[in-house]
Each structure stands twice: as C-alpha cells, then as structure tokens.
Amino acid sequence: MSSWLGGLGLGLGQSLGQVGGSLASLTGEISNFTKDMLMEGTEEVEAELPNARRKEVEAIHTILRSENERLKKLCTDLEEKHEASELQIKQQSMSYRNQLQQKEVEISHLKARQIALQDQLLKLQSAAQSVISGAGGVPATAASPSFSYGLSHHASAFHDDDMDFGDIISSQREINRLSNEVSRLESEVGHWRHIAQTSKAQRSDSSDQSEICKLQNIIKELKQNRSQDIDNHQHEMSVLQNAHQQKLTEITRRHREELSDYEEQIEELENLLQEGGSGIALTDHSKIHEMQKTIQVLQAEKVESTKKIEELEDKIKGINKKLSSAENDRSVLKKEQERLSVENRQLLEECESLKLECSKLQPYAAKQSDIVTEKERILPYSSSVEEEVFRLQQALSDAENEIKRLSNLNQEELQISLSKLNNEYEVIKSIAVRDMDLDSELCDLRRNLEAKEQELNQSITEKEILRAELEELDKQNQEATKHMILIKDQLSKQENEGDNVISKLKKDLNDEKKRVHQLENDKMNITKELDMQEEKLIQSELVLSDLHLTKQKLEDKVAALVDQLNKLHTKNLNIQKENSELQEHVKQKEEELSRVRDELIMQSLNRDSNSNFKDDLLNEREAEMRNLRQNLSEIKQLNENLRKVAFDLKMENEKLNLACENVRHQLEESVAGNSQISQEKNAIVEALKIEKEQLEAVLCQAQKRLLEEANKYEQTVEELSSACNLSISALQLDHEHLIKLNQEKDFEIAELKKNIKQMDTDHKETKKILSSSLEEQKQLTQLVNENEIFIEKLKERSSELQEELDKYTQVLRKNEILRQTIEEKDRSLGSMKEENNHLKEELERLREQQSRAAPVAEPKTLDSITELESEVNQLNILKDNLKEEIKHHQKVIEDQNQSKIQLLQSLQEQKKEMDEFRYQHEQMNATHTQLFLEKDEEIKNLQKTIEQIKTQLHEERQDVQTENSVIFQETKVRGLNIENGSEKHDLSKAETERLVKGIKERELEIKLLNEKNISLTKQIDQLSRDEVGKLTQIIQQKDLEIQALHARISTASYPQDVVYLQQQLQAYAMEREQVLAVLSEKTRENSHLKTEYHKMMDIVAAKETALNKLQDENKKLSTRFESSGQDMFRETVQNLSRIIREKDIEIDALSQKCQTLLTVLQTSNTENEVGGVNSNQFEELLQERDKLKQQVKKMEEWKQQVMTTVQNMQHESAQLQEELHQLQAQVLVDSDNNSKLQVNYTGLIHSYEQNETKLKNFGQELAQVQHSIGQLCNTKDLLLGKLDIISPQLSSGSSLSSQSAESLRTTKSDVLSESSKQEIEELRKSLKEKDATIRTLQENNHRLSEWIAASSELERKEQEQTDSEIKQLKEKQDILQKSLKEKDLLIKAKSDQLLSLNENFTNKVNENELLRQAVTNLKERTLILEMDICKLKGENEKIIESSRGKETEYQALQETNTKFSMMLREKEFECHSLKEKALAFEHLLKEKEQGKTGELNQLLNAVKSMQEKTVTFQQERDQVMLALKQKQLENTAIQNKVQHLRDKELRLNQELERLRNHLLESEDSYTREVLAAEDREAKLRKKVTVLEEKLVSSSNAMENASRQASLQVESLQEQLDVASKQRDETALQLSMSQEQVKQYVLSLSNLQMVLEHFQQEEKAMYSAELEKHKQLVAEWKKKAENLERKLVSLQERLDEANIALDSASRLTEQLDLKEEQIEELKKQNEVRQEMLDDVQKKLMNLVNSTEGKVDKVLMRNLFTGHFHTPKNQRHEVLRLMGSILGIRKEEMEQLLNEDQGGVTRWMTGWLGGGSKSVPNTPLRPNQQSLLNSSFSELFVKFLETESHPSIPPPKLSVHDMKPLDLPGRTKLDTSVPGNFKDTAESGSDRRTDVNPFLAPRSAAVPLINPAGLGPGGPGHLLLKPISDVLPTFTPLPVLPDNSARVVLEDLLKQ
C-alpha cells in the first residue's frame, strides 16, 4: 500500500509541479478576467453617461491594465522563487541521501567486526575441545544442534540477499556487456563512416550509390540503437544504485541484529574461557594468539574495505550526479513511461515482500528465543568453543561473500581489493598456526564474553522494543496510506474545481464572442427592421390621415372613438413612463449590487474606508494567490517526500523486471521507438508552431476585418445620422441615387422578354386602379358639392337666426319699457298708500268733529262721504286697471324670458355648428386640392416611368443572360436604400401622433367648457326666473293689500276699519322687531364665523411653518430634481396658476351674482319694512339660518380633517427625512435620465422640423418616381407588342384573347422546346417580382402623398394651436397628471362651498371677499400638500422596490454564507486530520535516530505550515461570520424600514380611499388607466425579478466556471507529460480548424438564408396588409351611403391604427436601446479583443500540447490488469490497450496470432513499438496473476460506469466518436445528433480505433467542440464550449464503486 500510495503521490506531485508556472499565470489571467467581468455592470451604466465620464472610465481601465501587468510580474517572480525552492529541496534530499550512505558504511564496518569476532570464537572453541574432551561429552552434543540451528537460520536469512545480489550481479554483467557492445557499435559506425567518406569520392559507380544508401540506413539504425543503449544503461545504473542503497540499509539492519547475537555469544565464550583457563594447554595459547592476530588483521581489512566502500560510494555519487543531469536532459515523457511500467509491479512486489517479511520475522523470533534458551543450557565450554570457532569460520566465509558482492557493484575497483584481502587472509592463517600463545589474552576474552552476554540480554530487550516499534510503524503506515488516499481525493476535488472554473471561464469568453457575432447580426436585422417598421409607420400614418378626414366630417358621431384614442394615448404615455421608471429601477439595482459588493469587500478587509473597490478586489486576489502558493508549496513538499519513498520502492521492483534479456531488448527497442517518436513529435511540434503562427496571423487578420467592419458600421450609422441633418443638396444626391437604382432595376426588366403579356394584365390592373382613384375623386367632388350646399343652407339659416335675434332685441327693449312702467306703478302705489293714510287721518278728524258737533255737521259729513265714495270708486277702477296691466306685463315678461333662454341656446349651438362647418369646409377644400394635385402628379410620374422603362428595355435586352446574378443583389441594395430613405420619416411620426392626440384632447376640453357654459347659463336663467318670481310675489302682495284696503273702505264700518288698521300697524311693528332680531342673530353668527376663520388661519399658519421645515429639508432634493424635471414643474405650476385664475374668474362672476341678489333682497327688505314683513319670508330666513349652521358644521369637520392630515404629515415628515436621504442617490440618476430625455426631446423636435422639409422634397422625388413608373408601363406595352410579333409560339401561357390563344395552341404547341419553357418560367417569375416591386412603389407613392397631405394639415393645425395647447401637451407627459386631476376636483368642491357661503351671507360682501382670498390661499396650500404627498408616495414605491432588490441580494448572501460554512467545515476537518498526523509524525521522529534530524525538520516545517493554514482558515472563518452577522443586522434594519414604509402606505391608501369615495364619478376613466398601469408594473417587476435571478445564477455560474477552469488546467497539465499522442492530436487540430472554417461558412450561409426568409415573410406581410387596405377601400365605397356602416369601418381602422401606433412607439424605444447597446458593445469588443489576444497565446500552447493524451492511471490499471487476468482472457486487455493506443484491429489480430503464449511480446509491442525479433521467454513465477478471471469483468464494468455520468451524455467531438467493440457502446450513436454523425463518419477514416472512455481526460472532456458551435460561432480558442460537457456548472459526481481507487484496493486485498 505504501508503495502504491507513493507512486500515486509521486505522479500527482510531478504533475502539480509542472502545473506551477502555467497555473500561476492562468490564475493571474483569471483574476484579471473576473475583474473585467465585474466591471461590466459598471461599464453598461457608464456607457450611457457623457463623454467626460467615458474618458474617466478609460483612464481607470488603463490603470487596471497597469495593475494587471504588475500582478503578472509578481506571478513570474513567485514562480522563479518556487523553482529556486524546488532546487534547494533537491539539494537537501541529496544531502540526506549522503548521510544514509554514511550510515550504511558504518553498518558494513560493524558487520565485518562481527564476522571477525565469530572467527575468533570458532578458534577458541576448537582449542577448548582439545583441552576438555571427557567432561562435556553430553552437553556438547546438546549444544551443537542449537548452534547449528542458529547458523542455518543465519544462512537462510542471507539466502534472500544472495538471490537479490545474484540478480544485481547478472544485471551488472549485462550492463558491462552492453557497454562493450556500444563501444563495438561505435567502432563499426566509425568504420562505416570512413567507408562512406571514401565512397563519396567514388560516386561514379551506380552500385556504390545503392550500397551507400544501405549503409546510411544502417548508420541511422546504429545511432538509434546507441542512443537506446545509452538511455538503458543510465536507467539501469540508476536502478542498481537505488537497489544497492536499499540492500545496504537492509544489511545494516540485519548486521546489527547479528552483532548483538554474536556479542552475546562472545561474552558467553569468554566466561567459559575464564572458568576453564587453567586446563588449557600451551597449544591453545598459540591458537588464541593466532585468532587475535587474525582479528586484528580482519579489523585492518575492515578499515580498508570501509575506505574502499567510501570511495565506491563517492564514485556512485558522481555517477548519480551524472545520471541526474542526464535524466534532467531527457524529456519528461520518457520518465513517465518508465514510471508507468514500474508502477504496477511495485504493488505486487510490495505485497509479496511484506508477506515474506512477516513470514520471516515469526520463525526468526522463535529461533532467537530457542537460541537464548539453548545458550543458557551450554555445558562445559570446550565443546561450545569448537562450535564458536566453526561459526566464526563460516562468518568469515560469509564476509568474503559479502565482500565479493560489494566488489561486483564495480568490479574494476573491487577485484584488486578482494585479491589483497584473500592474500592477507592466508597470511593471517599462517600466523595463527604459528602463534598460539594466548593465555593472557584468554582472560580478556572471557571478560569480553561476559560483557557480550550482557549486551546479548540488552539486544533481546531491544529486539522486543523493535518489534513493538515495528507494529507501531505498521499502524502508522496504514494511517499514512489512509491519509494519502484522503489527500488524493482532496487533490482530485481541487482538480475538478479547477476544471470547472476553466470551463466556465471559457464558456463566458465563448458567450461574449457569440454576443459580438449576435450584435453584428443584430445590426443587419435592425437596419432591415427599421425599414420594415418605417413602411408600417407610413401605412399607419396614411390610415391616420384618412381617419382624420372622416373624423372631421363626423365629429359629433365619433366622440366615443375620440375618447378611445385619448385613452390609448394616455396608456402609451404611461407605458413610456413605466419603461423609463423600470430602466431607472434596473440601474438602481445595479448600483445597489455594486454597493453591496463594496460593503462585503470593505468588511473582509477590516473596513478600509479609504481604499477603493478595485483595490479591495486586488488585495483579495493577492491574498488568494498567496494562500494558493502556500498550498502548492506544502503539497509539493509532501509530493517530494512521497517521491522519495516511491522512487525507492520503484527501484526494488525494477530489479525483477531487468532480470531477463528479453525485457532488456524490449527496453532497447522501446527507447529506440521513443527516440524516433520524440524526433517525429519535435518535427510535428515545430510544424504545428508554424501552423499556429499562421492561424494566429489569420485570426489577427480576421480581427482586423471585424474592426474594419465595425468601423464601416459606425460610419454608416454616422452617415445615416448626418443624412438626417443634410439639406436639399443631400436630398438631390439621394434623388440621383434613386434614379440610378431605377436604372439598375431596369436591368431586371431585360429578363422579362417572354412574359410581357402578363405585363398587359398588370397594366390593365393599374388602369383599373387609376379608374377607381378617378371614381374616388368624383365621389370626393360630390362630397365637396354636398358640403357647399350644406354651407349655403347654414348661411341661410344664420341669416334667419340673425333676423330672429333682431326680433328678440326688440322684445327685450319692450321688456325694459315694461319694467320702467312697473317701477312707475310701484311709485304710484306708494303715493296711493300715502294718500290712503292721509284719508284715514282725515276720517279720524271727521269722527272727532262728528262727536263734537253731530247735528251741525250733518250736511257737511254727507257731502264728504259722497266725495269719499266717489274717490273710492275711482280708486277701485284704477286698481282694476292696474291689475290687468300687471297681469299683462307678467305674461309678457315670462314669454320674453323663455324666448331669451331659447335664443341663447340656439345661438350657442349655431355658433358651434358654424365653427365646425367652417373648419370642416376649409379642411375639405385643402384635402381635395391636395388630392387633385397628388393624383395629377402620380399620373405624370407613371407616364414618365413607363417611358423610361421603354427606353431602357431596348438598351438592355442584350445583357439578359450575363447579369442574372447581379440583379438580385441590386434589388436587395435598392430595397435597402429605399428603406433607408423611408427611415427618415420615423422621427416625425411620433411627433405628429402626439400633436394629433393633443388636438383631440383639446377638443374634448373645449366640449367640457361648453357644457360648463351651458350649466352656468342654466343657473343664470334660474336666477332670472327667481327674480321674476319674486317680483310677481311682490305685485301679488301689493294687490292683496289694495284689495284689503278697498274691502275695509267699502264694507266695514268706520271705527272697525280704524281698529283693524291699528292692529295691522301693531302686527307690522312686531314683525319688524322679529326681522331686526333675525338680522342681529345673523350678524352674530357672521362674527362667530369670522372668529372661527381667524382660528383656522392661525392653525393653517402653524401647519405652514411645519410644512416650511419639510420644504427646507426637501430643498436639497428639489435642487437635484430641478435639473431633471424643472421644466415639467414649471409647466405644472403654470397650469395650476391658469386653473386657479379660471376659478377666480368663476368666483368673481358668482360674487357679482350674489351682489345683484343682495340688492334685490335689500330692496325687498326695505319694501317689507315699509309695508310689513310676511310670515313666509320669516320662515325662509329661518331655513337659511339652518342651512348656514349645517354648512358651518361641515366647515368645522373639514377643518378637523385638515388638522388631522397636517398632524399626520408632521409625523410622517420625520420618517420621510431619512428616506429622502436614501433617495438622493436615486434622484441624481433620475436627473441624469431627465436631462437625457430633454436632450432627446429637443433632438426629436429638430428632427421633426427637418423631416418636414424632407417630406416636401420627397414629394417631388415621388412625382419623378411615378413618372418613371409610367414610362415603365409604356415600355411594357411596347415590349408586349414586340414579343407578340417576335415569339408568337410562346403565347400559349399569355393573357391574349381566347381565339388567338387557341389557334396558337393548335398550330405551334409541338414546336415548344423544354428550354423555351424553362425560360418562360424564369421570365414569369422575374416578371412577378418586378410587378410586386412596381406595386410596392405605387403604394409607397400613394402613402407618401397621403402622408404629405396629413402633414400639411397637421402644420396648419399647429399654426392654429396656441401656446396653451403646447403647454397642455407637455402637461400630459408629466408624472403629476393624476394629482392635477384630483386637485381640480378639490377646487370644484371648494368652489361649491364658496357658492353656498356667498348665497347664505348675502349682506356681508366685504367679508365674502376676505373669505374668498383666504380660501384661495388654503387651496394653494392644500395643493402643495398634495404635491408633497404624491412625491412621498413615489419615493415610498422606489424604496419598496429597492428593499425587494436588497431582499434578493440577502438571499444570495445567505447562499454564499452556507457555501462558506461548508468550506469552513471542510477546512476544519482537514486541520483536525493534519493535527493528528502531525502528532503521529512527532512520535515517530522522537523514536527515530539522531541522524534523521533533517526529515524531522521537514515534518516540523510541514506541521507549522499546516498550523499556519489552520490559523488563516480560522481568521477567514471569523471574518466571514462577522460579515454575515453584519449583513443579517442590515437586512433586519432594511426589513423594518420596509415594514414602516408599508404602514405608511396603508395610511396613505386609507386617506386616498376616503378622498376617492367623493370623486368616483369623475375618476372612473383614470382608475382604469391606473389599474392597467399597475398590471404593467407587476409584469415589469416580475421581469426585473427574473433578471435579478439570472444575475445571481450568472454569478454562481462564474464561480463554478472558475473552479472548473482551475480543475481543467490541472488535468491538462497532468497530460502534458504524455507525449505519445501529440502527432495525432496536432493532425486532429488541423482537421478541426478546417471543419470550424466549414462550419463558419455554413453558419454564414444559414444566416443569409434566414435573412432572405425574413425578407420574404416581410413581403408577404406587406402584401397581406395591402390586400386588407384594398378591401377596406372597397368597403368604404360600398358603405358611403350609410353613416352607420362608415362608423363601423372607422372603428376597425381606429383599432388597427392604435395597434400600429403602439408598435411604432415600442419600436422607437427598442431602436434607441439597440443603438445604445451597440455603442456599449463596440467598446466592450475593443477591450475584450485585447484580453483575448493575451489569453489566446497561452491557451493555444496548452491546448496544442495537452489534448488527447493517454491517462497515466488508466494505462497503469491496464498494465496491472493484463498480469492479473488469466491467460485465456488476456487478449481482451490487449485489445483495449490497442484501441487506446490507436492500433487498428487488423494489426492487433496479427500481433495476437504471432504471439499468443505470453506477455513478453505484448510488453515489447507496448514499450518498444512492436519489435518482432526478440524471442519469447516464459514468465517468472512472481509475475503470475494473483486474481481470478473477474478482473476483466470488473474493469469492463468500471469503464462502463465511468463512461455513463449522472448528467445527460455529453456531445463528444468528432475525433472522439469511435466506440469500442464492447456491449452497450453502440447505444451512443443514437444520442449523437445527425450533424455529429456525419462529421464522425468523415473523421473515422483518420482515426479508426479511438475510445472516448479510455482516452485521457482531454479526450473524455473535450475542450474543443467544433460541432457544438452554432451559426456564427467563434473561432477563438478561449471561447470553445465547455458547457456541452459541464452544463450544470457543478463537478461530475462519480459513484464510489466506480472509482479507480476502490478497484485497486480490491486488487490489493486479493
């Protein structure tokens, strides 16, 4: 497991190390790109700002570029530092290796010493046996088997070493042999070169030349073989070196254990020697002396051998250095190949070695324990001494064997040393025989034996400790393997994330490139749509003009339709306002998004308030780069450690592979093949570089072309804009251009030779149209005559009315005379009353006189009575006469009043009718004159055009066949030019529509004013009737009084009359007093109302002060509002002042009426006072008092309501202040938009004035065009006649008379040939197209003429309209339209209240005037208050919208918060695991030796770096948590604000509903409009929410894309090391680029087809609309008799016109938006192209070098799988590998047939390119498969599961669509689209055996997908779609059962 994990870690480490530089540069590029993407939102807003703002943005852009360059420099510096650190790490690893070698040398010294001691012991034992023979017989025999058992154990322990060193020796011999062969080959090469040089001089012979060619080929082969041999030799040297180092470590370990054993044995022997020293003979002394000498000699030899071993190690170090330099020079590709071949063997051998070690350790431990027990049982030491001597001799032989093994590593140096050692050993033996005097030294030896026994005990304890440590190490090894698996998973996740980021970034680049193409296509579409919409606008304007004429004729009947038009206009304005508000809202949302980002960045960087948003982004990116670099450095350190372990394990495995000669031959051939492939690939890479440069040049040219085209488009746009401002000269040029176009169009007529007879029918149709137009003219003349008759009748009627007026004036004069007579009679009545009073007084006197002297005065009284009776009779007669006169006068007055009212009404109606008829008459005259002129001009133009066509037909018959292809292009050009010409009418149309609607609204207002006047006249009539009624009542009262007087005088007696008169006088006095009391009460009430009014004034003043505070606070806003809507506010103020003036005039009129009523009442009061007051009048006064009290109560209630509203306003003002501060930024944006709208409005006015002048010029041009059409018709007739003469046989399909047709059919039908028929059909088609164009020209002429008539009428109307109407048009564009209407209604209510007050308080005129002024002031204040309320409502709505946007942002922040929390959990888990691993490493390092301090330092550094990582992660987590808490607090505050605003809205809505209940009748129409506007608002808000969701999703997609990009970068750079498929991939890239070019051509053709389809659809639409208009004209002709039918048709046309107006207004707005977007996108294109040029160069290199490379892991799995599968199923694995490596099926079958017995052929074919010269060798036993046949099934299932992801199947590229011959693979063909199948079939010839599922990652996840590019797809490498593979922007979920790790773990378990 450790070796497997080591291999994985080494592979990952190398891939990540190679990723380093390119990843750093790419991350820099990605950071720059993300900055630019973030800047897009601000750039879109800034594109609309003026040029100064754009310059600022450009300056900022340059600053950002400089900063990006600085960051790139930093990245390069960091990469250099990284490389330097890697070099330092390599040096440190070399130093550690040197220390290990030194340790191994020390171990070899100790081993030699141990062998010497064993020899001494053996000698001592042999000596002891001779001395003591009888005492220890039995124990010796017992001890000997144990000792021999230990020896056998040692021999068995060293047996494996012998085997391993045997392999090394054989490999070294092979190396020497190969070096000899290399030298021999070099000598042969030199020989052949000499021969070749000599043969050059002898080139005359032809046979020599053929031999020279053969020799040159041989030389090439020999060179290749030599290079292969050199590479193999270096590789084998490195393998042997590593194997030697590993063996040294093992030998030292074993030697230490054996030393401990031997030391214990020596101590035992010394103890035995000390005990039995007295019995040893002298011969033993000589033997002991010899043994000591031999030990000394052996020690000297050991020192010399150590020196030699050190020299050898130094040489090995030099060789290592040379090998490292050579390996660095060799390409990375060969290393990866070798590692792949070793990787699988490591796993098997590692498992075997672990098992063997475990099996060895158990018997060894048992044997050691047996040895210990047996040594305790050792009996007399004499026998043990012999055994020890024997053992030492065997140890000497072992030492000699070891020395031989060491010498075999480098035989040249070691042979000399071995010979010396052998000689010295013989000398030592001879000396040992001579000198045996060792008595003195035996004691020392015994002491040493005791010490050695102690050491043996210690070594046993140490052995147990070592076993425990071994178990701990095994556990730690398992933990390390698990940790490595986790690290691998994490790395794979990071790789996937990087791939996702790269894919998303590429997708974004691709999308932007597509946008550029779409914008270029949109330009063409917009120009065409402009022309289409202009024609539609002309049609709608013609319909409007017709409707205008009919409306003016039937205005009384079409009032309802006018109302509909007004409603539509208001809706249109509301839509425009809503669009503008939504645009502002979107901008506000973008600003809020930028604000939120700024706040987040500020919080993350501890709120650096001084730093800008961009600096914060740069700091964050730098921090991220530092973290990434730290992570990379730490991962690289881990990878280097893993590389060391893995490299050691690999070298162990390669020993076994290099044992056989076949394998070496295969390696030689593979190196030769690799060298060839490398040379070929170098050549291909150079060719590809050249091709890449060419492609880059082509791309640059294409970009230049795009820039030139963009410049051309800009020039065309500028020319169109300048064309709008050109004068008559430009129009003349256009006229000449139109003439040229007509001439070009005439070329098409040459094709119409044989189809001119159809022209006859068309000509007849034109004649019919002309006749119908003449009939229309006749009808119009009839209408004009009828109108003139009607006007004459009206004149007669007006004369009659004037006569009636004269009569009525005479009657009025008579009325005045009658009034004067009535007044005289009143005076006479007064005089009569006075006389009556005098008579009463005289009667009283007479009675007194009678009482005094009755008898004396009797004759006098009789005389006086008779006189009085006569006078009374006379008075009665006079009274009767007066009554009759009064009755007569009353009747006359009533008749006169009625006649007055009737006359006034009839006069007003006649005036209206006269005005209307005059207006209609003038318009009719004007329109008829214009129509006659236009018809004449059309006829002349048609004649001219016919003549021109005739002349041009003669000239152009010759050019028919050559210019067929040109004609269609010219028609297209002409259509475009005509459309460009008609484009100039677009701007004037909206203005004319506005003026027309304004006129209609003005007429409605006039009607409303007339109705008001009628109501006022009715009120005046009622007042006059009231006056007459009062007069009649007064006269009746006086008549009653006269009658009463007469009755009293005539009937009653004298005293009764006097009493009655006195009673009447008293009653009259009482009534007078009551009236005076009533008047006093009225005065008191008046004074009370005055005081209340003053109180009201004080309250209003207090409220005004509060309002002034609000106004002062709002002045800040108002200053900002002034820039945007100052003109609108001025206009509203002017309109309000005008309305108030009108109301003041109405109030003055009412006050005058009140004054007249007052005078009448005063006169009546004076007369009542004189003649007495009536009870009825008193009751009326009481009723008036009650009414006044009720009105006073109403006023008080209103006052309270005003108080409550003012208080509410005060409460809300404090809250609104905060909201106003927030809305200031929004007001700035609104002001900018309003200024833009004002500029646009002025530009529209100027363009309207210019368009009017252009219309006149177009009329003249149209006349000329019509003349040319007439000439065309004439030429048509001529051509028809000539064709009848020339080609009568073609007349079978023509429209001649039936007789000629039948005769021609019978006679000449056989003569017709197929060619002539085809020509006839072609000419017919072209004729039809020509007729359609002529019809469109005629219709355009007709429309333009009608448009000119309508525009002239509109100009007259504009002259007649006053400045007030223009102000009203501006009013209707204001936002405050609803508020004005509400205020009008309030003013009406207040005026009614004033009328009631004026009627009630009639005798207080002066006070009335004061109250009137106060009421006007209050009205103004209430208007101001309502204005403020409306403003606050709008601000509340804006705040609510902003709060909604913030809620969406809050949701997005919550999602990011969850993501951060998940990341933090993962990081904490990683930190926890790293801490545990760090603790484990610390325990290991404490237990290890002091020599491994370097590794401990490295591990400590790694632990420190991981701790620093954890600290940084904790800091980041704390920062994120703080930011989230702050965001939550802000969101809660925003929600509170929103709730507060909603509460305010509820209050305001309640007040509005309370006010609306009073005004429902007048506001029905406005409420409907408000509902429609609210529906639109809801829809648009939904759209805004959808757009915001798209923004969030796009931001998420960007993040996922960045992750995927990083993952893909890592995967691509892993594949950089695999170079076996570069040649195929470069060829594939060439084919792909060619296919991309083909696809671009196809996309262009598709676009052209789509454009032609659009044009055809537009023509069909136009023809359908023309047919509809013709049907409407026919309906008008039929329905001219009945006015009701006319109304129906008018209504239909009105609906169509409304639809056209709506579409026109929308189109104008869309065009403005499109132009702005085009300008913005042009700027963005320039920026993006600069970015793309930088990124393209880098990604081209990456894509060229990395795509389509074989995956290392997959090949490793296949390699191991081959060995694990049974022999009968190995051909399946070979076929899989062959399909991956691109070998055809035939070649694979040949290889399998040639070699079916073993793997060596497969190995040679795979490693060496398939050489066939090597013989087959059987497999070694350790290479046999350990698995059953289930592995192949497992592998197939693994491939199937890996090839079917959870997401839908990706669209594979053309070059990857070759399925395997496996079950289930054929289903993929069904999922591939049709176009992919075609391309796949075409591409299958190039690559036949390509497996998309066994391919490397670049093939399975194709970066380049040419088939996926749509029409107009980009050709840039950055913009290649990754979305086909990764559509959901998430890494692909792989099931754990399907991963390679699980399969390999199963293998290891088995």
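Fair warning: this is a prediction, and the values are worked out from it, not measured in the lab. (Residues numbered from 1 in each chain as written. Predicted model: local features only at pLDDT ≥ 70, side-chain atom pairs only at ≥ 80, totals over all residues. Heavy atoms only, no water.)

(A) Representation of the overall build of the protein within the structure. Assigned secondary structure in the protein consists of 37 helices and 0 strands. Of the roughly 104,000 Å² of accessible surface on the protein, 54% is carried by carbon and sulfur atoms. (Helix = DSSP H or I, 4+ residues; strand = E, 2+ residues; numbered from the N terminus. Areas by Shrake-Rupley, 256 points an atom, 1.4 Å probe, with all protein chains shown as cover.)

(B) Representation of the nonpolar core. Judged by nonpolar contacts, the single largest core of 14 residues is most densely connected at Leu-121, Leu-124, Leu-273, Leu-442, Leu-445 and Leu-449. Listed by contribution, the elements that provide at least two residues to this core are helix 2 (51–131), helix 4 (206–275), helix 5 (282–329) and helix 9 (439–553). (Core = buried A, V, L, I, M, F, W, Y, C linked by side-chain atoms within 4.5 Å. Buried < 20%, exposed > 50% of the residue type's maximum accessible area, 1.4 Å probe, protein only.)

(C) Broad picture of the pattern of salt bridges. In total, this model carries 33 salt bridges according to the counting rule given. Of the charged contacts, one joins Glu-1468 and Arg-1517 as a salt bridge, the two residues approaching to 1.8 Å between their closest N and O atoms. With Glu-1468 in helix 24 (residues 1405–1487) and Arg-1517 in helix 25 (residues 1493–1558), the pair connects residues that are 49 residues apart, well separated along the chain. Judged by its relative accessible area of 36%, Glu-1468 falls in the partly exposed class. Look at the salt bridges and you will find they share partners, linking Arg-70, Glu-622 and Arg-626 into a network. (Salt bridge = Lys/Arg side-chain N within 4 Å of Asp/Glu carboxyl O.)

(D) Representation of helix 28 (residues 1683–1746) within the structure. Here helix 28 contains 64 residues, and its C-alpha end-to-end distance of 83 Å is more than 12% below the 94 Å for a straight helix at 1.5 Å per residue. Where helix 28 bends most, the angle comes to about 30°, and this point is Gln-1736. (Expected span 1.5 Å × (residues − 1). Bend = angle between axes of the 7 residues up to and from the residue.)

(E) Representation of the side chain of Thr-570 within the structure. Relative to the elements of secondary structure, Thr-570 occurs in helix 10 (residues 559–604). You can call Thr-570 buried: its relative accessible area is 9%. Only 2.8 Å separates the side chain of Thr-570 from the side chain of Glu-1569, close enough to count as a polar contact. (Polar contact = N/O pair within 3.5 Å; in protein donor to acceptor, adjacent residues only side chain to side chain.)

(F) Structural detail: helix 30 (residues 1770–1780). Extensive coverage of helix 30 is indicated by the burial of 8 of its 11 residues. Along helix 30, the residues that are buried comprise Arg-1770, Val-1773, Leu-1774, Leu-1776, Met-1777, Gly-1778, Ser-1779 and Ile-1780. Count one or two residues on from helix 30 and you reach Gly-1782, which has phi positive near 80°.

(G) Up close: the confidence of the model for the protein. For the protein, per-residue confidence averages 76 on the pLDDT scale, and 76% of positions sit at 70 or higher. Residue range residues 1797–1829 is modelled with pLDDT below 50. Its contacts to residues more than four positions away, or to other chains, number 75 contacts. A low-confidence stretch, residues 1846–1915 (pLDDT under 50), is modelled with 149 contacts involving residues beyond four sequence positions or located in other chains. (pLDDT = per-residue confidence, 0-100. Contact = heavy atoms within 4.5 Å.)

(H) The arrangement of the packing of aromatic side chains in detail. Applying the stated criterion to the full structure yields 2 aromatic pairs. With 4.2 Å between their ring centres and 70° between their planes, Phe-790 and Phe-917 make a pair best called edge-to-face. Taken as a pair, Phe-790 in helix 14 (residues 756–852) and Phe-917 in helix 15 (residues 858–956) lie far apart in primary sequence, 127 residues in all. Geometrically, the ring pair formed by Phe-1759 and Phe-1763 is edge-to-face, given 5.0 Å between the ring centres and 75° between the ring planes. On the criterion of helical spacing, the pair formed by Phe-1759 and Phe-1763 is a turn pair, its members being 4 residues apart in helix 29 (residues 1752–1764). We note that Phe-1759, like Phe-1763, is buried. (Phe/Tyr/Trp six-rings, centres within 6.5 Å; stacked < 30°, edge-to-face > 60°.)

(I) Layout of empty space enclosed by the protein. In this structure, the largest cavity spans a volume of roughly 350 Å³. Along the walls of the largest cavity sit 18 residues, with Tyr-1093, Met-1096, Met-1195, Leu-1397 and Leu-1411 positioned nearest its centre. For the lining of the largest cavity, the element with the most residues is helix 19 (residues 1175–1286), which contributes 5 residues. When grouped by side-chain class, the residues that make up the lining of the largest cavity number 12 nonpolar, 1 polar and 5 charged. (1 Å grid on protein atoms, 1.4 Å probe; cavity = no way out; pocket = protein on both sides within 12 Å on 5 of 7 lines; lining within 4 Å. Points joined across faces, edges and corners; volume = space filled by probe spheres on them. Nonpolar A, V, L, I, M, F, W, Y, C, P; charged D, E, K, R; others polar.)

(J) Broad picture of the environment of Thr-945. Looking at where Thr-945 falls in the secondary structure, it is placed in helix 15. In sequence terms Thr-945 and Ile-1269 are 324 residues apart; their C-alpha atoms lie 3.2 Å from each other. At 2.7 Å, the side chain of Thr-945 forms a polar contact with the backbone oxygen of Leu-942.

(K) Just a negative patch on the surface, in detail. There is a patch of like negative charges on the surface, built from Glu-834, Glu-835, Glu-841, Glu-842, Glu-844, Glu-848, Asp-863, Glu-867 and Glu-871. When contributions to the negative patch are tallied by element, the ones reaching two or more residues are helix 14 and helix 15. Relative to the assigned elements, Asp-863 resides in helix 15. (Patch = residues over 30% accessible without salt bridge, like charges linked within 9 Å, V, L, I, M, F, W, Y side chains within 5 Å. Lys, Arg positive; Asp, Glu negative; His and termini not counted. Charge placed at Lys NZ, Arg CZ, Asp CG, Glu CD.)

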